[in-house]
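# Examination of the molecular architecture
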Amino acid sequence: MELALGGIAAVGAGFFTNPLEVVKIRMQLQGELQSRGKYAVHYRNVLHAAYTIGSKDGIFALQKGLAPALCYQFVMNGTRLGLYDWLHKRGMTKNRNGDLSFFRCAIVASLSGALGAAVGSPLFLVKTHLQSLANESSIAVGYQHKHKRMSLAMKSIYAQHGFLGLFRGISSALPRVVVASAVQLSTFEKSLEFVRSSNSSLSENRWLSAFLASLVSGIFVSVAMAPFDLMSTRFYNQGVDSQGKGMRNYLPTNL
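A quick note: this is a predicted structure, and the numbers were derived from the prediction, not measured.

## Here's the deal with the packing of aromatic side chains
One pass over the structure, following the stated rule, counts four aromatic pairs. Between Tyr72 and Phe124, the ring centres sit 5.1 Å apart and the planes meet at 55°, which makes this aromatic pair tilted. Placement of the pair is Tyr72 in helix 3 (residues 66-89) and Phe124 in helix 4 (residues 102-132), with a sequence separation of 52 residues. Here Tyr72 matches Phe124 in class, with each residue buried. Ring geometry for Phe163 versus Phe167: centroids 5.3 Å apart, planes at 55°, classification tilted. We classify Phe163 as exposed; its relative accessible area is 52%. The partly exposed category is assigned to Phe167, whose relative accessible area is 23%. Connected via pairs of aromatic rings, a cluster forms that spans Tyr72, Phe124 and Tyr236.

## Remarks on the layout of surface pockets
The calculated volume of the largest pocket comes to roughly 1900 Å³. Taken together, 49 residues line the largest pocket, and the ones lying closest to its centre are Asn77, Arg80, Leu81, Gln184 and Ser214. Counted as a void, the second largest pocket has a volume near 310 Å³. Lining the second largest pocket are 17 residues, with His129, His145, Gln160, His161 and Val240 sitting closest to its centre. Counting residues per element, the ones that place at least two in the lining of the second largest pocket are helix 4 and helix 5 (150-165). Examining the composition of the lining of the second largest pocket, we find that five residues originate from one element, helix 5, more than from any other. Class assignment for the residues of the lining of the second largest pocket results in five nonpolar, ten polar and two charged.

## Considerations on the pattern of salt bridges
Overall, the coordinates contain six salt bridges when judged by the stated rule. For the salt bridge of Lys127 with Glu21, the shortest nitrogen-to-oxygen distance reads 2.8 Å. With Lys127 in helix 4 and Glu21 in helix 1 (residues 2-29), this residue pair connects regions lying 106 residues apart in the sequence. Using a relative accessible area of 23% as the deciding quantity, one classes Glu21 as partly exposed. With a shortest N-O distance of 3.3 Å, Lys89 and Asp85 are connected by a salt bridge. Taken together, the residues span about one helical turn, with Lys89 and Asp85 both in helix 3 at a distance of four residues. Taken together, the salt bridges that share partners define one network made up of Glu21, Lys24, Lys127, Arg176 and Asp229.

## Here's the deal with a nonpolar patch on the surface
On the surface, Val216, Ile219, Phe220 and Val223 cluster together into a nonpolar patch covering about 400 Å² of accessible area. Within the secondary structure, Val216 sits in helix 7 (residues 206-237).

## Quick word on the nonpolar core
Tyr72, Val126, Ile157, Val177 and Tyr236 are the most contacted members of the largest nonpolar core, which totals 14 residues. Those elements that provide at least two residues to this core are helix 3, helix 4, helix 5 and helix 6 (170-197). Counting residues per element, this core draws most heavily on helix 4, at six residues. Apart from residues no more than four positions distant in its own chain, Tyr236 is found in contact with Ser121, Phe124, Leu125, Thr128, His129, Arg168, Gly169, Ile170, Ser172 and Ala173. In terms of nonpolar packing, the next biggest core, distinct from the first, is built from 13 residues, Ile25, Tyr43, Ile53 and Val141 among them.

## Section: the packing of helix 6 against helix 7
Where helix 6 contacts helix 7, the two axes come as close as 8 Å, and the packing angle between them is 165°. Here helix 6 lies roughly antiparallel to helix 7, going by the angle between them. For the crossing formed where helix 6 meets helix 7, the hand is right-handed. For the contact of helix 6 with helix 7, the per-class residue count stands at 20 nonpolar, nine polar and four charged.

Rules and cut-offs
- Residues numbered from 1 in each chain as written.
- Predicted model: local features only at pLDDT ≥ 70, side-chain atom pairs only at ≥ 80, totals over all residues.
- Heavy atoms only, no water.
- Phe/Tyr/Trp six-rings, centres within 6.5 Å; stacked < 30°, edge-to-face > 60°.
- Helix = DSSP H or I, 4+ residues; strand = E, 2+ residues; numbered from the N terminus.
- Buried < 20%, exposed > 50% of the residue type's maximum accessible area, 1.4 Å probe, protein only.
- 1 Å grid on protein atoms, 1.4 Å probe; cavity = no way out; pocket = protein on both sides within 12 Å on 5 of 7 lines; lining within 4 Å.
- Points joined across faces, edges and corners; volume = space filled by probe spheres on them.
- Nonpolar A, V, L, I, M, F, W, Y, C, P; charged D, E, K, R; others polar.
- Salt bridge = Lys/Arg side-chain N within 4 Å of Asp/Glu carboxyl O.
- Patch = residues over 30% accessible without salt bridge, like charges linked within 9 Å, V, L, I, M, F, W, Y side chains within 5 Å.
- Areas by Shrake-Rupley, 256 points an atom, 1.4 Å probe, with all protein chains shown as cover.
- Core = buried A, V, L, I, M, F, W, Y, C linked by side-chain atoms within 4.5 Å.
- Contact = heavy atoms within 4.5 Å.
- Axes fitted to C-alpha atoms, helices over the stretch in contact; angles between N-to-C directions.
- Parallel < 35°, antiparallel > 145°, perpendicular 65-115°, else oblique.
- Left-handed = near helix turned anticlockwise from the far one by under 90°.

So, in structure tokens, the structure goes:
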């Protein structure tokens with residue numbers, strides 16, 4: 001049940017945050033393999049990137065890769081949160097005194113995140129390919145994979161590189177999700193425990209206390225995972241040759 005609920009909640013959030021994912025991936029790929037000052041800056045900031053994508057690629061381009069993104073959120077977060085909750089209920093996150101242990105929470109969250117990342121890796125691969133693809137070549141950044149939709153992308157990758165090709169980039173996904181999970185779930189648990197143990201009116205409102213704990217956790221997660229997220233995006237989107245090896249010399253405008 002926890003696996004299903006965690007996945008459904010992530011899917012609901014994913015629908016509204018997907019445009020930000022598209023913007024984030026375009027900005028992360030901008031300037032790839034090029035020295036500073038040697039490339040055109042198509043996306044100056046979040047708002048400018050959203051406007052540029054919407055005006056050049058069309059407003060619906062902000063929801064590119066939505067299908068694999070939602071599937072990824074369900075599979076990855078369902079596995080991650082479901083496993084964490086299962087281990088938490090069996091006392092794996094508490095010390096001998098029955099109190100929450102930050103270290104134990106981080107270890108359990110890391111293991112849960114690693115499994116979730118591994119299971120959802122093919123979906124993250126396809127999501128990245130679709131979201132990085134620009135309809136207008138003048139604003140293209142990074143390698144441009146010519147997939148039309150999720151099913152065709154899966155078939156194309158499998159046909160060219162086999163089953164293992166669907167898991168290309170998993171080595172970069174594991175540290176990304178492990179760090180994010182360790183920080184998110186551990187800081188959320190400790191923040192929630194702090195709020196509910198206080199004598200303020202917040203401790204009496206379960207929804208508000210959980211919301212505040214999520215905000216605190218989200219700040220820590222964003223800072224901690226940013227470098228790993230950048231590396232992961234570039235690794236997954238990297239072009240590969242017929243042997244499945246990464247290509248180094250390419251420009252997005254030439255594809």
